[in-house]
Amino acid sequence: MSVTSCTDAVPRHVAIVMDGNGRWARQRMMPRLAGHRQGLEKLREVVRWSMEAGVAVLTVFAFSSENWQRPTDEVSGLMGLLAKALDREVPELSRAGVRLCFPGDREALAPALRRSLEAAEAQTAANEALVLNVCFNYGGRWDIIQAARSLAQRGEPITEASLSAALALAHVPDPDLVIRTGREQRLSNFLIWQMAYSELYFSDALWPAFSREAFQQALSDFARRQRRFGRTSEQVGSAGQVVASEA
Ligand code: FPP
């Protein structure tokens, strides 16, 4: 795999584990779903901040393969929230030039929701200002397995490049920066293949309370990191460019 640059000031691709909605709601004696609703409002803001900062791809973890294990009313609440958000937000996102994608396993989703996801993807497919990947019923292990299965079905050899190209996020580069809010420091089966060389940033803020300053802090922290991709710091150079390269 070739590496052309190490640290750019602004990450091209930011991925976020939006954790802490439930605790935010509990602190206010509100139902968990109220926290998710507030989390959706935060997502609208973070989309705007990302575009203003020059981020090209924003990927968020909205519902994991494991979230089915939550209480049924929370699961159906999250499904309903996505359906309503699609009705309400797609026209405005589309006008703003946002391309929407919904990486994840759609087979378990209600047919009407599946149709809405497909329609939103089709309607925004030509937009170029920001790619917004809303991972829904997504799991990193599911992704690797579905990619390996599709290669096997097509009789293609399994290589790093072919597997990457069969993953649900093949339309974007790997995340440069992964932010997790809510004080936990784990990956939770998010983009486990694609995060191989991502910079990780953990914020103590609960997602609905994640401020513009906290987002800016994550970007500033990223800008100070030296990404070496397995090389030494001498090879990489102070400005992040690769100064010594072997074929
Ligand atoms: C994790 O917080 C968050 C989720 C499982 C859902 C994330 C969803 C949103 C931010 C709303 C956007 C939703 C859609 C459908 C686009 P948690 O519930 O685990 O919080 P806790 O750790 O405090 O309990």
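Cut-offs applied
Starting afresh in each chain, residues are numbered from 1 along the sequence in its written order. It should be noted that, the model being predicted, local features are given only for residues of pLDDT at least 70 and side-chain atom pairs only at 80 or more, the latter also being counted only at that level, while totals for whole chains, interfaces and linings use all residues. As a rule here, side-chain values cover all heavy atoms of the structure and leave hydrogens and water aside. Only strands that DSSP links by at least two bridges are regarded as paired with each other. Helix and strand labels come from DSSP, where a helix needs a run of H or I of at least four residues and a strand needs a run of E of at least two; each type is numbered from the N terminus. Lines fitted to the C-alpha atoms define the axes, with helices restricted to the stretch that makes contact. Angles between their N-to-C directions range from 0 to 180 degrees. Working rule for contacts: check all heavy atoms of both residues, and any pair within 4.5 Å makes them a contact. Salt bridges are identified by distance alone: a Lys or Arg side-chain nitrogen within 4 Å of an Asp or Glu carboxyl oxygen. Exposure is judged per residue with a 1.4 Å probe applied to protein chains only, and the accessible area is read against the type maximum: over 50% gives exposed, under 20% gives buried, and values in between give partly exposed. Working definition: residue near molecule or strand if any one of its non-hydrogen atoms lies within 4 Å of it. For the purposes of these results, a polar contact is taken to be a pair of N or O atoms within 3.5 Å, where, inside protein, one atom must be able to donate a hydrogen and its partner to accept one; residues adjacent in sequence count only when each atom of the pair is a side-chain atom. A 1.4 Å probe and the Shrake-Rupley method give the accessible areas. Residues count as covered only by the protein chains that appear here. With a 1 Å grid spanning the protein atoms alone, the term cavity applies to any set of points in which a 1.4 Å probe fits but cannot get out, the term pocket to an open set with protein on both sides within 12 Å along at least five of seven lines, and the term lining residue to any residue with an atom within 4 Å of a point. Should more than half of a molecule's atoms lie within 2 Å of a pocket's or cavity's grid points, that molecule is taken to sit in it. The classification used treats Ala, Val, Leu, Ile, Met, Phe, Trp, Tyr, Cys and Pro as nonpolar, Asp, Glu, Lys and Arg as charged, and all other residues, Gly among them, as polar.

A. How the structure looks around the sheet that holds strand E5 (residues 177–180). In space, the six strands of this open sheet follow the order E3-E4-E2-E1-E5-E6, with parallel pairing throughout. Where the open sheet ends on each side, the last strands, each with one partner, are strand E3 (98–101) and strand E6 (199–202). Taken pair by pair, the neighbouring strands of this sheet meet at an average axis angle of 20°, ignoring direction. Looking at chain direction, strand E1 (residues 13–17) and strand E2 (residues 57–64) are connected through five bridges and run parallel. Considered in E2, the bridge of Val17 is made with Phe61. Contacts between helix H3 (residues 72–95) and the sheet are confined to E2, E3 and strand E4 (130–138), with E3 contributing the most and set at about 155° to the helix.

B. Spatial organisation of the pattern of salt bridges. Overall, the coordinates contain 20 salt bridges when judged by the stated rule. Residue Glu74 pairs with Arg32 through a salt bridge whose shortest N-O separation is 2.7 Å. Taken together, the residues Glu74 in helix H3 and Arg32 in helix H2 (residues 32–53) connect sequence positions 42 residues apart. By relative accessible area, Glu74 is classed as buried at 6%. Residue Arg32 is classed as partly exposed on the basis of its relative accessible area, which comes to 35%. Because the salt bridges share partners, they merge into one network encompassing Asp176, Glu199, Asp221, Arg224, Arg225 and Arg227.

C. Quick peek at the site of the ligand. Contacts to the ligand come from 17 residues, most closely from Asp19, Gly22, Arg23, Arg32 and Arg70. In this structure, Asn21 approaches the ligand through a main-chain N or O atom, which is 3.2 Å from an oxygen atom. In the complex, the protein chains occlude 91% of the 630 Å² of accessible area that the ligand would expose alone. A majority-of-atoms criterion places the ligand in the largest pocket. Class assignment for the residues of the shell around the ligand results in seven nonpolar, six polar and four charged.

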